[in-house]
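Structural overview
Each chain, letter by letter, is given below.
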Amino acid sequence: MRAVIALALLVPVGCSSPAPRPFTPDDLPADDPSSAQQAVPTPKVETVEVAPGVRVVVEWPAVADQDTTGMINALRDYRAGSFTSVVTGGQDTAYLETVQDDASSDAYRWVREFLDQRRSVRGTSRLYALNVVSVTGRGAVLHGCVDETGMRLLDAETGKAVRRQPDWTRKPFLQVAGLRRGDDGVWRIKLLQHAELPSEAAKGCLR
């Protein structure tokens, strides 16, 4: 189902005595000390409520340009939409709008497996360490870590957690998405791969 890939991943403050206050003419305002300090971008955390008790949390990079934002949106919407389809028993298929080509069949099979086995989910899936590793024309590759240790696989009929939980609920993994920007400017996922621990590719997802 998922192909394991190989991948190479990627202040102290000194103390000193304060400098003498510079002379400022009475007719000129003194410099605002804060103006010399650049604002440090802070990462944004976004929570997508899929259903009661089911959510996808996205830890955005501190800085993301328009294309990077579009790529992350595609991965977020695919993962959140897939879980939406699972918890609605396959009635919601909006996730298929975020994928194309090989990724379409892979995404459909992933959801179908849950439905065929009468399984559902509860809990939190986290996306973090999101990084665009390459861009070629309209194509790009996005890497992101997925942590679903906060999720539980359920019996869809009883709503209770199954006794034997799958590996994806025990450790994070690396998700790789190959994307393409369409004529409408929207990024969609063409290829989905992943790497699991103890693969070197997935070790960067440990924290």
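Our structure's up above, just so we're on the same page.
Residues numbered from 1 in each chain as written. Predicted model: local features only at pLDDT ≥ 70, side-chain atom pairs only at ≥ 80, totals over all residues. Heavy atoms only, no water.

1. With respect to the state of the cysteines
Which entries qualify depends on this criterion: Two cysteine sulfur atoms form a disulfide, by the criterion used here, when they sit within 2.5 Å. Every helix listed is a DSSP run of H or I at least four residues long, and every strand listed is a run of E at least two residues long, numbered separately from the N terminus. For every residue, the accessible area (1.4 Å probe, protein chains only) is compared with the maximum for its type, and the residue is labelled buried under 20%, exposed over 50%, or partly exposed between those bounds.
All told, the structure shown has 1 disulfide when counted by the stated rule. Here cysteine 145 engages in a disulfide with cysteine 205; their sulfurs sit 2.1 Å apart. Torsion about the S-S bond of the cysteine 145 and cysteine 205 cystine: about -80°, corresponding to left-handed handedness. Taken together, the residues span a long stretch of sequence, with cysteine 145 in strand β4 (residues 139-155) and cysteine 205 in the segment after β6 (187-196) at a distance of 60 residues. Take cysteine 145: its relative accessible area is 3%, and that puts it in the buried class.

2. Side note on the sheet that holds strand β3 (residues 119-136)
Sheet strands pair by backbone hydrogen bonding; their relative direction is either parallel or antiparallel. Here is the rule we go by: For two strands to pair, DSSP has to find at least two bridges joining them. To get an axis, a line is fitted to the C-alpha atoms, and for a helix only the part in contact is used. The angle between two axes follows their N-to-C directions and goes from 0 to 180 degrees.
Pairing within the open sheet is mixed, and its 6 strands lie in the order β1-β2-β3-β4-β5-β6. Bordering the open sheet on either side are β1 (45-51) and β6, each of which pairs with just one other strand. The mean angle between the axes of side-by-side strands here comes to 25°, regardless of whether they run parallel or antiparallel. As paired strands, β3 and β4 are joined by 14 bridges and run antiparallel to one another. Of the residues in β4, the one forming a bridge with leucine 127 is valine 146.

3. Regarding the pattern of salt bridges
To be explicit about the condition: When a carboxyl oxygen of Asp or Glu is within 4 Å of a side-chain nitrogen of Lys or Arg, the pair counts as a salt bridge.
Within the structure shown, the criterion is met by 15 salt bridges. Put simply, aspartate 116 and arginine 112 hold a salt bridge, and the shortest N to O gap is 3.1 Å. Here aspartate 116 and its partner arginine 112 are both found in helix α2 (residues 102-116), 4 residues apart, which amounts to about one turn of the helix. Arginine 112 sits in the partly exposed class, given a relative accessible area of 35%. Where glutamate 157 meets arginine 118, a salt bridge forms, and the shortest distance between an N and an O atom there is 3.3 Å. With glutamate 157 in the loop between β4 and β5 (173-181) and arginine 118 in the loop between α2 and β3, this residue pair connects regions lying 39 residues apart in the sequence. According to the relative accessible area criterion, glutamate 157 is exposed, its value standing at 63%.

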